[in-house]
Amino acid sequence: MIIDLRSDTVTKPTKEMLDAMMQAEVGDDVFGEEPTVNALEKKVAAMFGKEAALFCPSGTMTNQIAIKVHTQPGDEVLCDVTAHIYNYEGGGMASNSGVQAKLLQGDRGRISVEQVKQNINPSYDWLTNTSLVCIENTGNRAGGSYYSLQQMKELSEVCKSYKLNFHLDGARIFNAIVENDYTPADIGPLFDSVSICLSKGLGAPVGSLLVGDREFITKARRVRKVFGGGMRQAGYLAAAGIYALDHHVDRLNEDHHRAKHLSEVLSKLSYVDSILPVDTNIVIFNLKSSVSPDSFLTSLSEQGIKAAGFGQQAIRFVTHLDFTDDMLMKVEETLKNMTWK
Ligand code: TLP
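The rules we used
- Residues numbered from 1 in each chain as written.
- Predicted model: local features only at pLDDT ≥ 70, side-chain atom pairs only at ≥ 80, totals over all residues.
- Heavy atoms only, no water.
- Helix = DSSP H or I, 4+ residues; strand = E, 2+ residues; numbered from the N terminus.
- Polar contact = N/O pair within 3.5 Å; in protein donor to acceptor, adjacent residues only side chain to side chain.
- Axes fitted to C-alpha atoms, helices over the stretch in contact; angles between N-to-C directions.
- Parallel < 35°, antiparallel > 145°, perpendicular 65-115°, else oblique.
- Left-handed = near helix turned anticlockwise from the far one by under 90°.
- Contact = heavy atoms within 4.5 Å.
- Nonpolar A, V, L, I, M, F, W, Y, C, P; charged D, E, K, R; others polar.
- Core = buried A, V, L, I, M, F, W, Y, C linked by side-chain atoms within 4.5 Å.
- Buried < 20%, exposed > 50% of the residue type's maximum accessible area, 1.4 Å probe, protein only.
- Pairing = 2+ DSSP bridges.

Trainee: Any chance you could explain the side chain of K50 here in plain terms?
Mentor: Relative to the assigned elements, K50 resides in the loop between helix 2 (35-47) and strand 2 (52-56). A distance of 3.1 Å separates a polar side-chain atom of K50 from the backbone oxygen of G188.

Trainee: How should I be thinking about the packing of helix 12 (residues 252-267) against helix 14 (residues 325-337) in this particular structure?
Mentor: Think of two packed helices as two axes; the pair is described by the angle between the axes and how far apart they sit. In contact at an axis separation of 10 Å, helix 12 and helix 14 are set at 15° when each is read in the N-to-C sense. With respect to each other, helix 12 and helix 14 are oriented roughly parallel. For the crossing formed where helix 12 meets helix 14, the hand is right-handed. Between helix 12, through R258, H261, L262, V265 and L266, and helix 14, the contact on the second element is made entirely by D325, L328, V331, E332, L335 and K336. Counted by class, the contact of helix 12 with helix 14 contains 6 nonpolar, 1 polar and 4 charged residues.

Trainee: Would you mind going over the nonpolar core with me for this structure?
Mentor: Within the largest apolar cluster, 52 residues are counted, with the highest numbers of intra-cluster contacts made by I135 and F174. For this core, the element with the highest residue contribution is helix 11 (residues 235-247), accounting for 6 residues. Excluding residues that lie within four positions of it along the chain, F174 makes contacts with M47, F48, P184, I196, L202, L245, V249 and L252. One finds L262, I305, F323 and L328 within the second-largest nonpolar core, a separate group that totals 27 residues.

Trainee: Could you clarify how one ought to interpret the sheet that holds strand 13 (residues 314-318) in this entry?
Mentor: Each strand in a sheet pairs with another by means of backbone hydrogen bonds, the pair being arranged parallel or else antiparallel. Spatial ordering of the open sheet is given by 9-10-13-12, a layout of 4 strands whose pairing is antiparallel. The sheet is open, and its two borders are formed by strand 9 (272-275) and strand 12 (308-309), each paired with just one other strand. Note: strand 10 (residues 282-287) against strand 13, 5 bridges, orientation antiparallel. Among the inter-strand pairings, I284 is bridged to a residue of strand 13, identified as R316. Packed on one face of the sheet, helix 13 (residues 293-302) meets strand 10, strand 12 and strand 13 and runs near 30° to strand 13.

All quantities given are derived from atomic positions and should not be read as evidence of function.
Structure, rendered in structure tokens:
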């Protein structure tokens, strides 16, 4: 038994999901004739109280399209220092859109209204034009932390009053939703665009959606084609997404419980230096300086457990649909039995 905690992207489609995929009605999505993609886009737009949505291959693509549509070359994007758009999208905002990031030091990935206000450039010719604010909910590198509805509302108001576009990287927004008393319909209207991923906690093999008003999505559709993301009979994938939204949202709580359990186990281990608070399905912890992360990962892997190094002494575990209670017991036992001088 291999236990893969490197990411929640590693899940395989369930039998029921595969059945739904096999039964999908398909057409050519570049011609706008893909019934299952159209159904998924309609469903997600309605869910988030927005006019339209666009199905894309990845969350990187939905974020990068949003940045391109919301900015002009030479603009500046405000985001947290841990943001995926800055750290893990291959420098895409610079190469695709010709924009730069101004990095804010948020509270576990969460930026505040004050920070946004203080970092909007006045409109002098020699200063970069601030045009977009991007937040991540839940925050990945921030350890799965989430924003409250109030925090998102306040940021939305400040963006409106300064005429800044506001984008949500909601790759794991459903993880935030199941932990809070807000719904997709509460969130959508606060943003100019929202990106959601089906291939993380929701367990679909591929797919992300970008949600926004009709004019934004019309522009986004064009950029998707330019980026090479126009797919044809993508209904097989969209069917997995519809299945995931209907069946795999409420169960995310289970992943959160398992992640919290892992954090409790780690907190008692002598070779663990610190653990970020665990709010959802991501556990980031630091090994003591005497323990080599490479040796730790190799030893885990030799015992059938895969985890990810997350810079310096940090290790990341992500719980997901394919991580069961039996696996949790095996990980607990393995971690407890490991000894480091
Ligand atoms: N994150 C991946 C890696 O890229 C780090 C992971 O394993 O967590 N936004 C956020 C917040 C993400 O965590 C990710 C994926 C993306 C966007 C990009 O999604 P994909 O992988 O579909 O391009």
